[in-house]
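# Overview (structure and organization)
Chain by chain, the residues run as shown.
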Amino acid sequence: MKKHNFNAGPSILPRIAIENSAKAILDLNGTGMSLLEISHRSKDFQAIIDEAVALFKELLKIPANYHVLFLGGGASLQFCMVPYNLLKTKAAYLETGVWAQKAIKEAKLFGQIDIVASSGDKNFTYIPKGFTIPADADYFHITTNNTIFGSELRYDIDSPVPLVADMSSDILSRPVDVSKYALIYGGAQKNLGPAGVTFVIIREDILGKVDRPIPTMLNYKTHIKEGSLFNTPPCLPIYTCMETLRWIKNLGGVEKIEEMNKRKANLLYDVIDNSKMFIGTVEKDSRSLMNICFVMKEQYKDKEDAFMDYAKTKGMVGIKGHRSVGGFRASTYNALPIESVQALIDCMHEFEQNNA
Ligand SMILES: *Cc1c(COP(=O)(O)O)cnc(C)c1O
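Bear in mind the structure is a predicted one, so any value in this text is a computation, not a measurement.

## Points about the site of the ligand
The ligand sits among 14 residues. The nearest are Ser76, Thr147, Asp166, Gln189 and Lys190. At a separation of 2.6 Å, a nitrogen atom of the ligand approaches a polar side-chain atom of Asp166. One of the side-chain N or O atoms of Lys190 is found 2.6 Å from an oxygen atom in the ligand. Protein contacts shield 88% of the accessible area of the ligand, which totals 390 Å² for the unbound molecule. In terms of residue count, helix H3 (residues 74-86) provides more of the shell around the ligand than any other element does, four residues in total. Looking at the shell around the ligand, its residues break down into three nonpolar, nine polar and two charged.

Encoded structure:
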């Protein structure tokens, strides 16, 4: 049976990126060597990481004074690397979900944290608006897409202080005005590649302002200076990221990807909004294009398990909502084909016909 992969992360990747990664593991570009067996300092690997960086810069129109890094440790390590490198006395954070809270927890180890707004009062079902960013903060941190709750800050905000964004789950899903950000980071395993590599887009002039000593591996300057090759980087995940970036470019870039993402999300949100049984959990103007969260209406609550079972028989994978939201979450990342969204919709219609 055909599977429809709605996993939240690690998640669906372009088929071509997986196939080409498999080929590179067996024989990298006809060299007779596996990608897994070559030095990260070899000419062959240098060409791979160079192309990945160049494609990232091209696709997101990253200005020349920014660096693109591929590091280990996941987005979770960035939760501490950001304040380690940037926080002198005070930083501002927007609390929009569990990942934002985790970032806040780490930052508190380094200084005073101002939570400028929180949507925690309504279980993170909206993106706060009308907040004021303190002009004396060292930086302002946002989570652009809240993977667990399905809300998204889908525009580039103006900040009076350096803007730092966790874009783990919506990187390359839309054009971004990178010049409005000082630092963008994320784990690759949602929208870009396999688990094991973290991307960082950083403007170098924000560094060197804190007095504390920074361990070599946690210092962005180390990785900028060494082109992400201070130590052995995650070579295979970087290769797959490069293949995904090629796929995005061949499709027509992030503008085209955004158009496809909107079409997929609108299709599913329309069905949810017109459903007798299902209801969306996030306020309409805060809805994510990447993670679509919905539950059954109160009078049908007892049918959630039955729908999950039915969906499984139709090949749906990964649609169970996170335990802090319940119900269902369909992650509609870049690589998810519209046919899979349509299959889920058919499944919802059929279930509704038989049960509502
Ligand atoms: C998944 C996720 C993380 C955690 O990423 P790791 O690479 O597992 O550390 C952080 N932030 C957001 C928004 C995520 O979706």
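## Section: the sheet that holds strand S2 (residues 66-71)
Ordered by their spatial adjacency, seven strands build an open sheet running S2-S10-S9-S8-S5-S3-S4, and the pairing between neighbours is mixed. Looking at which strands have only one partner, the edges of the open sheet turn out to be S2 and strand S4 (112-118). Averaged over all neighbouring strand pairs, the angle between strand axes comes to 20°, with direction disregarded. In terms of strand pairing, strand S8 (residues 163-166) meets strand S9 (residues 183-187) through three bridges, oriented parallel. Across the sheet, Ala165 pairs through a bridge with Ile184, a residue of S9. Sheet contacts for H3: S2, strand S3 (90-95), S8, S9 and strand S10 (198-203); angle to S9, the most-contacted strand, approximately 155°. Packed on one face of the sheet, helix H4 (residues 98-107) meets S3, S4, strand S5 (140-143), S8 and S9 and runs near 165° to S3.

## So, the pattern of salt bridges
For the coordinates displayed, the defined rule picks out 21 salt bridges. In this structure, Glu255 engages Lys61 in a salt bridge whose closest nitrogen and oxygen atoms are separated by 3.2 Å. One end of the pair, Glu255, is in helix H7 (residues 253-273); the other, Lys61, is in the loop between helix H2 (43-59) and S2, with 194 residues separating them in the sequence. Look at Lys61 and you get exposed, because its relative accessible area is 59%. A network of salt bridges, in which partner residues are shared, links Glu51, Glu243 and Arg246.

## Some words on the packing of aromatic side chains
Tallied over the entire structure, the rule returns 15 aromatic pairs. Both rings, one in Phe56 and one in Phe70, keep their centres 6.1 Å apart while their planes meet at 55°; by these two values the pair is tilted. Of the two residues, Phe56 sits in helix H2 while Phe70 sits in strand S2, which places them 14 residues apart along the sequence. Of the two residues, Phe56 and Phe70, neither departs from the other in class, the shared state being buried. Centre to centre, the rings of Phe278 and Phe307 are 5.0 Å apart; their planes meet at 70°, and the pair counts as edge-to-face. Linking Phe278 in strand S11 (residues 278-280) with Phe307 in helix H8 (residues 304-313), this pair joins segments that are 29 residues apart in sequence. The pair formed by Phe278 and Phe307 is uniform in burial state, with each residue classed as buried. Linked through ring pairs, Phe278, Phe294, Phe307, Tyr310, Phe328 and Phe351 together constitute an aromatic cluster. In this structure, Lys122 is placed above the aromatic ring of Tyr126, and the distance from its NZ or CZ to the ring centre is 5.7 Å.

Here is what the cut-offs are and how they apply
- Residues numbered from 1 in each chain as written.
- Predicted model: local features only at pLDDT ≥ 70, side-chain atom pairs only at ≥ 80, totals over all residues.
- Heavy atoms only, no water.
- Near = heavy atom within 4 Å.
- Polar contact = N/O pair within 3.5 Å; in protein donor to acceptor, adjacent residues only side chain to side chain.
- Areas by Shrake-Rupley, 256 points an atom, 1.4 Å probe, with all protein chains shown as cover.
- Helix = DSSP H or I, 4+ residues; strand = E, 2+ residues; numbered from the N terminus.
- Nonpolar A, V, L, I, M, F, W, Y, C, P; charged D, E, K, R; others polar.
- Pairing = 2+ DSSP bridges.
- Axes fitted to C-alpha atoms, helices over the stretch in contact; angles between N-to-C directions.
- Contact = heavy atoms within 4.5 Å.
- Salt bridge = Lys/Arg side-chain N within 4 Å of Asp/Glu carboxyl O.
- Buried < 20%, exposed > 50% of the residue type's maximum accessible area, 1.4 Å probe, protein only.
- Phe/Tyr/Trp six-rings, centres within 6.5 Å; stacked < 30°, edge-to-face > 60°.
- Lys NZ or Arg CZ within 6 Å of the ring centre and 35° of its normal.

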